[in-house]
Amino acid sequence: MGYLNSVLSSSSQVHSMDDAPVSGGGLSHNGKFSYGYASSPGKRSSMEDFYETRIDGVDGEIVGLFGVFDGHGGIRAAEYVKKNLFSNLISHPKFISDTKSAISDAYNHTDSEYLKSENNHHKDAGSTASTAILVGDRLLVANVGDSRAVICRGGTAFAVSRDHKPDQTDERQRIEDAGGFVMWAGTWRVGGVLAVSRAFGDRLLKQYVVADPEIQEEKVDSSLEFLILASDGLWDVVTNEEAVAMIKPLEDAEEAAKRLMQEAYQRGSADNITCVVVRFLMNQGSSSHTNSVINRP
């Protein structure tokens, strides 16, 4: 997603061994949540989506970290964010005491470190990020770009992130205040090039395309059923409400993620498709499975 076709085609990179659809899943050590993921290049010849599903321990707390990263202009930014964002986050000194500020710091630090690593590259690359952090009974969702997070609470779908598009009034104002411009080129684009207004990377547009995440916190209680994180390959063809209704009957999180991925493909999504589903307060016991496929490197 993101760049005009001319930019996409100039940086196309095919990963023949990695480009088959993959899926997997697991269960948290304390049995409080299960997760599943499914990822496919879809109708694209190259794969620029990455994801991360990780369970860790921080200061005695079991922490779940989930993310979807949709690259544009190549894989470099998305791959870097997948490898570094969560490590930067859990090593932050305020991760437990002030999780929101730790998330914001980790996003911006990861972005600046990525840009430093890109000094020798002439082609620009960037990435969205939609992440969910589970700490105790808190769910913190952070987002830059147009990957999206949706929850099912009490049987109803709620978006818990906002797609960052250049034509949104506040985003356009921020870009113009920084000296940039937004114009129509098939869709609204920053500088006539990029279809998202926030992202990691995008060095040549960095003054306007920031990596400051919007963060929303939700309480994990008996009304919170599940979370969907997905790249726009899903959301381009499936509404929030349709996605929730589609997987509500499916107790297995991996099967739910695969169902969303397959439905997006069947509806004609033209993009890579990556979905992560996290189910809360599940009593799956020994019937749950552990990772069946290793995450994309």
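Since this is a predicted model, take the numbers as computed values, not measurements. (Residues numbered from 1 in each chain as written. Predicted model: local features only at pLDDT ≥ 70, side-chain atom pairs only at ≥ 80, totals over all residues. Heavy atoms only, no water.)

> I tried to follow the overall build of the chain on my own but got confused; where do I start?
Along its length, the chain carries seven helices and 15 strands. Looking at the chain as a whole, 56% of its 297 residues qualify as buried. Considering only residue pairs separated by 6 or more positions, the chain has 69% of its internal contacts joining residues 24 or more positions apart. Summed over all atoms, the accessible surface of the chain reaches about 12,000 Å², with 50% contributed by carbon and sulfur. (Helix = DSSP H or I, 4+ residues; strand = E, 2+ residues; numbered from the N terminus. Buried < 20%, exposed > 50% of the residue type's maximum accessible area, 1.4 Å probe, protein only. Contact = heavy atoms within 4.5 Å. Areas by Shrake-Rupley, 256 points an atom, 1.4 Å probe, with all protein chains shown as cover.)

> Which parts of the structure should I look at to understand the layout of surface pockets?
The probe, sized like a water molecule, is rolled over the atoms to show the empty space still left. There is about 180 Å³ of room inside the second largest pocket. In this structure, the second largest pocket is lined by twelve residues; those nearest its centre are N30, K32, F33, G136 and D137. A per-element tally of the lining of the second largest pocket places strand β4 (residues 61-72) first, with three residues. (1 Å grid on protein atoms, 1.4 Å probe; cavity = no way out; pocket = protein on both sides within 12 Å on 5 of 7 lines; lining within 4 Å. Points joined across faces, edges and corners; volume = space filled by probe spheres on them.)

> In this structure, what is going on with the pairing of strand β1 (residues 22-27)? I would like to understand it.
A regular strand carries its side chains on alternate faces of the sheet. Taken across its six residues, β1 has five buried, putting it largely inside the fold. Between β1 and strand β2 (residues 33-40), which pair antiparallel in sequence order, lie five residues; one of them, G31, sits at a positive phi of approximately 70 degrees. (Pairing = 2+ DSSP bridges.)

> Explain the side chain of N143 here, please?
With respect to the helices and strands, the residue N143 is situated in strand β7 (residues 138-144). Polar side-chain contacts of N143 include one of 2.9 Å to the backbone oxygen of R162. Those residues within four positions of N143 in sequence are excluded, and the remaining contacts are Y107, A129, S130, S161, R162, H164, D212, P213 and E214. (Polar contact = N/O pair within 3.5 Å; in protein donor to acceptor, adjacent residues only side chain to side chain.)

> Could you clarify how one ought to interpret the nonpolar core in this entry?
One broad trend across soluble globular proteins is that nonpolar side chains are buried collectively. Within the largest apolar cluster, 25 residues are counted, with the highest numbers of intra-cluster contacts made by F69, L85, L89, F95, Y107, I133 and F200. Only β3 (49-58), β4, α2 (76-90), α3 (99-117), β6 (129-135) and β7 provide two or more residues apiece to this core. Per-element tally for this core: the top contributor is α2, with six residues. Ignoring any residue separated from it by four or fewer positions in sequence, one finds I133 in contact with V63, G64, L65, F86, L89, F95, I103, R138, L139 and L140. Core analysis: the second largest hydrophobic core is formed by 23 residues, A38, F226, V238 and I247 among them. (Core = buried A, V, L, I, M, F, W, Y, C linked by side-chain atoms within 4.5 Å.)

> Would you mind going over the environment of A257 with me for this structure?
By the element assignment, A257 lies in helix α7 (residues 253-266). Residues A257 and Y35, 222 residues apart in the sequence, show an inter-C-alpha distance of 9.0 Å. Ignoring any residue separated from it by four or fewer positions in sequence, one finds A257 in contact with G36, Y37, A38, C275 and V277.

> Which parts of the structure should I look at to understand the packing of helix α6 (residues 240-247) against α7?
Where α6 meets α7, the axes come as close as 9 Å, and the angle between the chain directions of the two elements is 135 degrees. Judged by the inter-axis angle, α6 sits oblique to α7. The two elements α6 and α7 meet at a crossing, and its hand is right-handed. Touching A243, M246 and I247 of α6 are A256, R259, L260 and E263, all from α7. (Axes fitted to C-alpha atoms, helices over the stretch in contact; angles between N-to-C directions. Parallel < 35°, antiparallel > 145°, perpendicular 65-115°, else oblique. Left-handed = near helix turned anticlockwise from the far one by under 90°.)

> Could you clarify how one ought to interpret the sheet that holds strand β8 (residues 148-153) in this entry?
Adjacent strands of a sheet form backbone hydrogen bonds with each other and so pair up, either parallel or antiparallel. The six strands are arranged β1-β2-β15-β14-β8-β9 in an open sheet whose pairing can be described as antiparallel. The open sheet has two edge strands with one neighbour each: β1 and β9 (156-159). With strand direction ignored, the average angle separating the axes of adjacent strands in the sheet is 15 degrees. The pairing of β8 with strand β14 (residues 224-230) spans six bridges and is classified as antiparallel. The partner of A149 across the bridge, within β14, is L229.

> Please clarify how unusual backbone geometry should be interpreted in this entry.
Apart from glycine, the bulk of residues carry a negative phi angle, and the bulk of peptide bonds sit in the trans form. One non-glycine residue with positive phi stands out, namely D59, at about 50 degrees. For D202, which is not a glycine, the phi torsion comes out positive at approximately 50 degrees. As for its position among the elements, D202 is in the loop between β12 (200-201) and β13 (214-219).

> Help me understand the pairing of β4 in this model?
With ten of twelve residues buried, β4 lies mostly within the body of the structure. Here β3 runs beside β4; their pairing, made up of ten bridges, is antiparallel. Counted as the bridge partner of T53 is F66 from β4. Taking the residues between adjacent antiparallel strands as the criterion, β3 and β4 are bridged by two residues, where D59 takes a positive phi near 50 degrees. As defined by bridge partners, β4 adjoins β6 across six bridges and the pair is classed as antiparallel. Within the sheet, the bridge partner assigned to V63 lies in β6 and is V135. Across two bridges, the pairing between β4 and strand β5 (residues 126-127) is antiparallel.

Limitation: the analysis is restricted to geometry and does not speak to function.
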